[in-house]
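Residue-level structural notes
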Amino acid sequence: MADRWQVEVDRSVCIGSGMCVGAAPDDFRLDSARQSHPVTPVADAAESVLAAAEGCPVEAIIVTVAGSGEAVFPPEE
């Protein structure tokens, strides 16, 4: 597992369920339009971020290794 992750939310997919905020309240916020965004786009690798990505009902959270772009979640097929 890499030390630093790039965290993005595909806002065209996000439905504002808030599950990411529930799983990782320090890592995600919902804006006034109920769209999720990462608090820190490049952050230390954390199980809470991975849990939020895995728990997103529409898989709107994309996590890659910072620098290399290697997929963390969703995993490459």
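Scroll up for the structure.
From a predicted model like this one, the values you see are computed outputs, not experimental measurements. (Residues numbered from 1 in each chain as written. Predicted model: local features only at pLDDT ≥ 70, side-chain atom pairs only at ≥ 80, totals over all residues. Heavy atoms only, no water.)

Across its full length, the protein chain holds two helices and six strands. Helices and strands appear in the protein chain in the N-to-C order β-α-β-β-β-α-β-β. Over its C-alpha atoms the protein chain spans a radius of gyration of 11 Å, differing by no more than 12% from the 11 Å that the globule rule assigns to 77 residues. Its C-alpha atoms give the protein chain principal-axis dimensions of about 30 × 25 × 15 Å. For the protein chain, with 77 residues in total, the buried portion stands at 31%. For the protein chain, restricting intrachain contacts to residue pairs at least 6 apart in sequence, the fraction spanning at least 24 positions comes to 56%. (Helix = DSSP H or I, 4+ residues; strand = E, 2+ residues; numbered from the N terminus. Rg over C-alpha atoms; globule rule 2.2 N^0.38 Å. Buried < 20%, exposed > 50% of the residue type's maximum accessible area, 1.4 Å probe, protein only. Contact = heavy atoms within 4.5 Å.)

Grouped together as the largest cluster of nonpolar side chains are 16 residues, with contacts concentrated most on Phe28, Ile61 and Val63. Where this core is concerned, the elements lending two or more residues are strand S1 (4-9), helix H2 (47-55) and strand S5 (61-65). Element by element, the count of residues in this core is highest for H2, at four residues. (Core = buried A, V, L, I, M, F, W, Y, C linked by side-chain atoms within 4.5 Å.)

So, on to H2. Listed in full, the buried residues belonging to H2 are Val49, Leu50, Ala52 and Ala53. Here the buried residues of H2 occupy an arc of 160° about the axis, which is enough to place them on one side. (Arc of directions from axis to C-beta.)

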